[in-house]
Amino acid sequence: MFAFGYASLGYILYNSGDYQGAIENYTQAILQNSEDLTSYLSRGLARSLTKDYQNAIEDFNETIRLSPQYAQAYAERGVASAAIGDNQSAIEDCHRAIQLDPQYVRAYFGRGAACFYSGNYQGALEDFSLIASMEHSAISYYNLGILQYSQGINSQAIKHLTKALYVDPNLIAAYYVRGNACYELGDEQGAFADFNEAKHIEAVGGGEIYSEDEFAFYARALACHRLGNREEAIADLQKSAQIALKHQNTIFHQKAIDFMSEIQS
């Protein structure tokens, strides 16, 4: 009964956005019942949202110990592993999750992210294309768009980034990437319109770049460079390089470093 009460309160706190409070109550539930499968999984999810990825992985390990065929636990462990740069483990876990449940979208996200971080852009494109066909969300279109842009598929990138912005008009990173795609297709007017719109949204506090998205910081750096804002571009490239290194995204890390050297020379 005590375990159930703590788990129920954890559920309420989790859904209200109080992830730390949820973690504390799920911990109490587990202390009362060490075989509480749902509390391990839920605490792992809350820990992932607070970026405590290593402890989240431990919770997903326990979930899998208790239920070896639990697709969600494999997928979420894969997503957490990708966040700390263990890309091979992420790919293996998410592939296992897809085998168990081909409709679980987060498994494709984790595998796609790990493929991107490890430089397998074709694999990432395939996974994020599948996600966009299964889930018509701003983030699914954005992820597909940035991958297409990274491969020089600018027209398709613009198409999917436009879809992302239709769903979420305050998705700042999408403006920066779409603007750069427009610029590279010779549409400077469209590029600068996107850059200025992104700057406006940031200025009024309407949105911000996700702190773990190295591509978004790189795209903003490129936009700043094209707008003549050298110091802002360098600051964003430093941030992009740091995040890429955390994800063991060595190819992208070097790309950010090379661009920074080019600007500074």
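Nothing here was measured: the structure is a model prediction, and the numbers come from that model.

Chemist: Break down helix 3 (residues 37-49) for me, citing the residues and quoting the values.
Modeler: Spanning 13 residues, helix 3 covers 19 Å between terminal C-alpha atoms, matching the ideal 18 Å at 1.5 Å per step. The element helix 3 is largely enclosed, with a buried count of ten among its 13 residues. Those residues of helix 3 lying buried are Ser 39, Tyr 40, Leu 41, Ser 42, Arg 43, Gly 44, Leu 45, Ala 46, Arg 47 and Ser 48. The elements touched by buried residues of helix 3 are helix 1 (2-15), helix 2 (19-32), helix 4 (53-66) and helix 5 (71-83). Two residues or fewer past helix 3, Lys 51 is found with a positive phi of approximately 65°.

Chemist: Give me the packing of aromatic side chains: which residues, what numbers.
Modeler: Tallied over the entire structure, the rule returns 13 aromatic pairs. A ring pair is formed by Phe 109 and Phe 128, whose centres lie 6.0 Å apart and whose planes are at 70°; its orientation type is edge-to-face. Linking Phe 109 in helix 7 (residues 105-117) with Phe 128 in helix 8 (residues 121-134), this pair joins segments that are 19 residues apart in sequence. When its relative accessible area of 26% is taken as the criterion, Phe 109 is described as partly exposed. Residue classification places Phe 128 among the buried positions, given a relative accessible area of 4%. An aromatic cluster is defined as three or more aromatic residues linked by ring pairs; in this entry it consists of Phe 116, Tyr 117, Tyr 121, Tyr 149, Phe 215, Tyr 218, Phe 252 and Phe 259. Seen from the ring of Tyr 74, Arg 96 lies directly overhead, with NZ or CZ sitting 5.9 Å from the centre.

Chemist: Requested: an account of helix 7, with residues and values cited.
Modeler: When the terminal C-alpha atoms of helix 7 are compared, their 19 Å separation across 13 residues agrees well with the 18 Å that a helix rising 1.5 Å per residue should span. Most of helix 7 is tucked away, with eleven of its 13 residues classed as buried. Where helix 7 is buried, its residues meet helix 5, helix 6 (87-100), helix 8, helix 9 (138-150), helix 13 (214-227) and helix 15 (250-264). Phi turns positive, to about 90°, at Gly 119, one or two residues after helix 7.

Reading guide: rules and limits
Residues numbered from 1 in each chain as written. Predicted model: local features only at pLDDT ≥ 70, side-chain atom pairs only at ≥ 80, totals over all residues. Heavy atoms only, no water. Helix = DSSP H or I, 4+ residues; strand = E, 2+ residues; numbered from the N terminus. Expected span 1.5 Å × (residues − 1). Buried < 20%, exposed > 50% of the residue type's maximum accessible area, 1.4 Å probe, protein only. Contact = heavy atoms within 4.5 Å. Phe/Tyr/Trp six-rings, centres within 6.5 Å; stacked < 30°, edge-to-face > 60°. Lys NZ or Arg CZ within 6 Å of the ring centre and 35° of its normal.

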